[in-house]
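# Fold and geometry: a report
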Amino acid sequence: MDMLQRWLRPPYRLSILACLAAAALAALHAGHAAGSMQQAGTPSPPTLACAILLGALALLLWRQHRLALRLQALEQLRAEAEQARLAGEQHKARAQERLRIGRDIHDDLGQHLLTLKIDLAMLQTSTHDAAPLLARQLAMMARNIDLSIAALRCVIHDLRPPALDAGLQAACDGLLADFKRTTGIDCSCDYRLDAAAGSAHGPLLYHVLQEALANIARHARATHVQLSLQQEGAALACRISDDGIGLSGSPPRLGCGLSGMHERVAAAGGSLHIESRSGAGTTLRLSLPLADCEEATLLHD
């Protein structure tokens, strides 16, 4: 491959062209000098040699052009595959870091808050009848601790949803079941991902589905929601559609939640598009790259 690329470089091509052109000119000159010795209508051997050389030159340049185009396409494909691999590694590293931070917060700060809540409950029990004013203040402190614990759980949940411990498919089924129970909207799911593809972007897909279902419950007035998750080549494709009233505006106006999803998806190297028409429902399409993508072989005859 290196030898072929070296011979395709402009200096070598020019050298080959110059040699063939010189040979062709020499053959033409010899043919012209011997023209008077040939019969009319009969090509001389130098003329035939010149035609053969020119044909060989044209064929060589054509093949070099084809090989150069294929090499360029192959290099572009390799560059895109390398970018996708780096994006996948960065996404995996971010997911692992979020998981570590969530564990540290739960094990350290969460335990401190829980211990403080237990101590405060014991203090409330011992001072409830003795000092009513102190009891009210302790009750307010206990409520603030409960709010802090709830906020802490929300932070941990955002870093790594606990529902994903059972896998992405189970998490999606749970979300859809809760959504149907609370809203009465019928749901269906077409899940066609293996374990590796499902875990590659699990938290991101889970949050996108959460946000999409919340928007449908608030605005869509839908009677049915369809979720589709499948692998398309080296990408993961997600589609969430409803049969509601659609979004107003062209293009549809996005809220803060979906705008944030756009940023998260872009950071993961993917794309998110929303298709909606008034009275015709809304479809959210999400595409995310998978780390293991196969490189096609382009350099062949």
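Residues numbered from 1 in each chain as written. Predicted model: local features only at pLDDT ≥ 70, side-chain atom pairs only at ≥ 80, totals over all residues. Heavy atoms only, no water.

### Remarks on the overall build of the protein chain
Counted only if it meets this: Labels follow the DSSP assignment, with helices taken as runs of H or I lasting at least four residues and strands as runs of E lasting at least two, numbered in each case from the N terminus. Two residues qualify as a contact provided that any one of their heavy atoms is within 4.5 Å of a heavy atom in the partner residue. Areas reported here follow the Shrake-Rupley algorithm with a probe of radius 1.4 Å; residue values treat only the protein chains shown as occluding.
Check the secondary structure of the protein chain and you find 8 helices and 5 strands. For the protein chain, the sequential pattern of α-helices and β-strands runs α-α-α-α-α-β-α-α-β-β-α-β-β. A fraction of 67% describes how many contacts in the protein chain between residues 6 or more apart in sequence connect residues 24 or more apart. Accessible area of the protein chain: about 18800 Å², with a carbon and sulfur share of 59%.

### Remarks on the confidence of the model for the protein chain
The condition that has to hold: Confidence scores labelled pLDDT are given residue by residue by the predictor and lie between 0 and 100.
Of all residues in the protein chain, 72% attain a pLDDT of 70 or more, and the chain-wide mean is 76. No element of the protein chain has a lower mean pLDDT than helix α1 (residues 2–7), at 49, and none a higher one than strand β3 (residues 235–242), at 94. Note that pLDDT drops below 50 for residues 36–40; the model gives that stretch 2 contacts with residues more than four away or on any other chain. Confidence drops under a pLDDT of 50 for residues 293–301, and excluding neighbours within four residues, the segment shows 18 contacts in the predicted structure.

### Regarding the pattern of salt bridges
Let me state the cut-off plainly: Any Lys or Arg side-chain nitrogen found within 4 Å of a carboxyl oxygen on Asp or Glu counts as a salt bridge. Burial status follows relative accessibility: with a 1.4 Å probe on protein chains alone, a residue under 20% of its type maximum counts as buried, one over 50% as exposed, and anything between as partly exposed.
Using the criterion set out here, one finds 6 salt bridges in the structure. Across the pair D190 and R192 runs a salt bridge whose closest N-O atoms are separated by 3.0 Å. When its relative accessible area of 25% is taken as the criterion, D190 is described as partly exposed. Two residues, R285 and E275, come together in a salt bridge whose shortest N-O distance is 3.1 Å. In this pair, R285 sits in strand β5 (residues 282–289) while E275 sits in strand β4 (residues 271–276), placing the two residues 10 residues apart along the sequence. On the basis of relative accessibility, which here comes to 38%, the residue R285 falls in the partly exposed class.

### So, the sheet that holds β3
We count it as follows: For two strands to be treated as a pair, DSSP must find no fewer than two bridges joining them. Fitted lines through C-alpha atoms serve as axes, helices being fitted only where they are in contact, and the angles separating the N-to-C directions of these axes extend from 0 to 180 degrees.
Read from one edge to the other, the open sheet built from 5 strands follows the order β1-β2-β3-β5-β4, with strand pairing classed as mixed. On the outer flanks of this sheet lie β1 (186–192) and β4, each paired with one strand and no other. In this sheet, neighbouring strand axes are inclined to one another by 10° on average, regardless of whether the strands run parallel or antiparallel. Across 8 bridges, strand β2 (residues 224–232) lies against β3 in antiparallel orientation. Its bridge partner lying in β3, Q231 is registered against L236. Against the sheet, helix α5 (residues 168–183) makes contact with β1 and β2, and its axis sits at roughly 170° relative to β1, the strand it touches most. Helix α7 (residues 202–220) contacts β2, β3 and β5 of the sheet and is inclined by roughly 15° relative to β3.

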